[in-house]
Amino acid sequence: MSVLVNKHSKIIVQGFTGTEGTFHAGQMIEYGTNVVGGVTPGKGGSSHLDRPVFNTVADAVKQTGADVSIIFVPPAFAADAIMEATDAGIGLVVCITEGIPVQDMVKVKNYLQGKNTRLIGPNCPGVITAGEAKVGIMPGFIFKPGRIGVVSKSGTLTYEAADQVVKAGLGITTAIGIGGDPIIGTTTKQAVELLMNDPDTDGIIMIGEIGGGMEAEAARWIKENGTKPVVGFIAGQTAPPGRRMGHAGAIIGGADDTAAAKMKILAECGVHVVASPADIGKTMADALKK
Amino acid sequence: MNLHEYQAKELLKKYNVPVQEGMAVESVMAAEEAYRQIKTQTGNNFAVVKAQIHAGGRGKGKIAGSEQRGVAVGKSLEDISNIAKNILGHTLVTIQTGAAGKKVNKILIAQDVYYPGPNPVKEYYLSILLDRTKGQNVIMYSTEGGMNIEDVAHDTPEKIFKEWVHPGGGLQGFQARKIAFNLGLGGEAFKNCVKFVTNLYNAYVGLDCSMLEINPLFKTSDDKIIAVDCKMNLDENALMRHPDLAAMRDITEEDPTEVEAGQYNLNFVKLDGNVGCMVNGAGLAMATMDMIKLSGGEPANFLDVGGTANAQTVEAGFRIIMKDPNVKAILINIFGGIVRCDRVAAGVIEAYNKLGNINIPIIVRLQGTNAEEAKKLIDESGLKVQSAIQLSEAASLVKQAVA
């Protein structure tokens, strides 16, 4: 089963012929992902990485039946790219681009209302269903197939968690990098919900960080609806208030969005909270034994 | 990116938002000239001197070693001249600057807004910011102006109002009117407030602000509505479309090491601890800081070298961390994905040899693509570098280093 993407997903790449798009599309294809083409306005009709290039997402959808898009378009044009994919009826849009202006994302979020498109990201490593489809920039070899789902705001911390899970003898169903921006398409709660409802996932790792209220929202949902163990880690226990820590959204705004406050809520809602990032895999293995 | 009050007010005026008039100056002589001009324009002997630094609490803050406040009223040329002398070039300490304070390079000579007139004056609060949960901009306002809004929110939450702006339609007339009514305004002041709020929202969107705070928002004795103070933060992601705003950055207000790191595309935040760290990825960097603390140390910095760690960035990172004399150990934590660990290891060795004389323990944890090869390179280099593959191994090495 898994969630969001699998070996049957038909994927197009927006920003296909650029440096980033070319490199990562190549890696995705190497992983075995079903990349059916790409979009670069003005280069329609040509071929790239042995796949057709289209001028518009609508053309790509018509010709290839694509249902997933991954975006490597520069920040100034990324919001437009997301809306174009939405307008073309793409069901899942994964936006990797980092550095999109917040007001652009306010528009995108509004544009998505009432549409049948799910956005993952922006500013994220993407989504991977182990052994089936890699729609992102993560190193594929770390994600060995198994029965643990991962939801994370951070890229390398997702790799860290997946690696520990695999070394603990478990393995991954789907890992969802939701992104570290203040406004993102799919929230922690929504991603956790997808994995909670996936029969092939036995446990969920939820990695958050300082800033915003998404982890608390997810935790409250888990308390009411959780049926599987959830291991939680919140990065930024030592981060000073008011400073942006790399991610645009990683900034402590008040008493509610510190790591300590979030860890407290998670623990109260029955999440297995780890203080050290080194304990993620082991804690999941222990939780599954109970 | 933070702006100074005087810069923010100049920008607001372009959007027809009325502000307390003033002139930013860098010398006592220029301050005196500014005072003469303001006195001529307003016909009022009173004027205000406001220190321009990137920190709040200026009115209550004091110049180090004196009783001079960061914001002070003068009623004569002599007064203004003395205050300017007391502030310019000196260090202002406020609750937001920390004990070290900030040097004042510029002061704003501004009109006295408490001039006499037919009606009572009043201070309000108004800010515009992003509501992350709703994904919409929200206007937050209160009849309780001029004080710390966090305290108002805590003590009297019923006095804080919020108005969300729909991204499709933008701020509507009825919303601006509602704000003016809720602030208890009538007559000319009401009309002026509606215009003020409408234009301020246009400025917020047009300038790609991430936060815009007017405190106090002020009703003068002749019913004008003006911004007496203004705190404006710009969205750094949007600066690419505002080169004029990017040019307003004042790097003298920033930590010099952070500025230098930025030149190498390194994301660096200076902290007060004793263990430096260099990591790829913001989340892992924060997690590494947390792990340092759990191992008995205190993180000396946040440093994200990004997705393309190489010999140059590693060397720059080393140099920047080593500038801090409090650093007793350095932990390099790289999870190689696209980045190959053996290349990073080669970079570490190269940087180490180049810098020479590194007398503190260096712990290198390389995991992911080609981690084994990387460990071998480090172990065989003969350098006094301790290597680890698992995060838990790195943690215990940090524990030993700070013990």
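Residues numbered from 1 in each chain as written. Chains lettered and ligands numbered in written order. Predicted model: local features only at pLDDT ≥ 70, side-chain atom pairs only at ≥ 80, totals over all residues. Heavy atoms only, no water.

(A) Looking closely at the pairing of strand 11 (residues 209–219) of chain B. All names here are of chain B. Burial analysis of strand 11 places ten of its eleven residues in the buried class, the great majority of the element. As paired elements, strand 11 and strand 13 (residues 231–234) share four bridges and run antiparallel to each other. Paired with Met211 across the strands is Asn233, a residue of strand 13. Both strand 11 and strand 12 (residues 225–227) contribute to a ladder of three bridges, which runs antiparallel. Across the sheet, the residue bridging to Lys219 is Ile225, located in strand 12. Connecting the antiparallel pair strand 11 and strand 12 is a turn made up of five residues, with Asp223 showing a positive phi of about 70°. (Buried < 20%, exposed > 50% of the residue type's maximum accessible area, 1.4 Å probe, protein only. Helix = DSSP H or I, 4+ residues; strand = E, 2+ residues; numbered from the N terminus. Pairing = 2+ DSSP bridges.)

(B) Summary view of unusual backbone geometry. That bond from Gly121(A) to Pro122(A) is cis: its omega, 10°, falls within 30 degrees of zero. Looking at the secondary structure, you find Pro122(A) in the loop between strand 7 (118–120) and strand 8 (126–129). The omega torsion of the bond from Asn215(B) to Pro216(B) falls at 10°, within 30 degrees of zero and hence cis. With respect to the element layout, Pro216(B) can be found in strand 11.

(C) Geometry of the sheet that holds strand 10 (residues 145–152) of chain A. Read across the sheet, seven strands follow the order 9-8-11-10-12-13-14 (chain A) without closing on themselves; strand pairing throughout is mixed. Every interior strand has two partners, whereas the edge strands, strand 9 (133–136) and strand 14 (272–273) of chain A, have only one. Pairing geometry for strand 10 of chain A and strand 11 (residues 172–177) of chain A, over five bridges, is parallel. Directly across from Val151(A), in strand 11 of chain A, lies its bridge partner Ile176(A). Here helix 8 (residues 259–268) of chain A sits on the sheet in contact with strand 12 (203–209), strand 13 (230–235) and strand 14 of chain A, set at roughly 170° to strand 13 of chain A. Packed onto the sheet, helix 9 (residues 282–294) of chain B meets strand 12 and strand 13 of chain A and runs at close to 90° relative to strand 13 of chain A. (Contact = heavy atoms within 4.5 Å. Axes fitted to C-alpha atoms, helices over the stretch in contact; angles between N-to-C directions.)

(D) Quick look at the nonpolar core. Judged by nonpolar contacts, the single largest core of 95 residues is most densely connected at Ile70(A), Val94(A), Phe143(A), Ile205(A) and Met245(A). Ranked by residue count, the leading element in this core is helix 9 of chain B, at eight residues. For Ile70(A), the contacting residues outside a window of four places in its chain are Ile11(A), Ile12(A), Val13(A), Gln14(A), Met28(A), Val94(A), Ile96(A), Val135(A) and Gly136(A). Phe54(A), Leu12(B), Leu130(B) and Cys193(B) belong to the second largest nonpolar core, which has 69 residues in total. (Core = buried A, V, L, I, M, F, W, Y, C linked by side-chain atoms within 4.5 Å.)

(E) Fine view of the interface of chain A and chain B. Taken together, the contacts link 53 residues of chain A with 47 residues of chain B. For the pair chain A and chain B, the two sides together bury roughly 3800 Å², of which 62% comes from carbon and sulfur. Taken together, the connections running from chain A to chain B amount to three salt bridges. Arg243(A) is paired through a salt bridge with Glu258(B); the nearest N and O atoms lie 2.7 Å apart. Ranked by the residues each element gives to the side of chain A that touches chain B, the list is headed by helix 5 (residues 155–167) of chain A, at seven residues. For the side of chain A that touches chain B, the class distribution of residues is 28 nonpolar, 16 polar and nine charged. (Buried area = accessible area lost by both parts, 1.4 Å probe. Salt bridge = Lys/Arg side-chain N within 4 Å of Asp/Glu carboxyl O. Nonpolar A, V, L, I, M, F, W, Y, C, P; charged D, E, K, R; others polar.)

(F) Layout of the packing of helix 2 (residues 28–42) of chain B against helix 3 (residues 77–87) of chain B. Residues and elements named next belong to chain B. At their nearest, the axes of helix 2 and helix 3 sit 9 Å apart, and the two run at 145° to each other. Crossing hand, helix 2 versus helix 3: right-handed. When helix 2 is examined against helix 3, the residues Val28, Ala31, Glu32, Tyr35 and Arg36 are found in contact with a partner set consisting of Leu77, Ile80, Ser81, Ala84 and Lys85. (Left-handed = near helix turned anticlockwise from the far one by under 90°.)

(G) Region of interest: the pattern of salt bridges. All names here are of chain B. By the definition in use, this model includes 32 salt bridges over all chains. Taking the shortest distance from any N to any O, the salt bridge between Lys224 and Asp222 comes out at 3.1 Å. With a relative accessible area of 42%, Lys224 lands in the partly exposed category. Assessed through its relative accessible area of 34%, Asp222 is described here as partly exposed.

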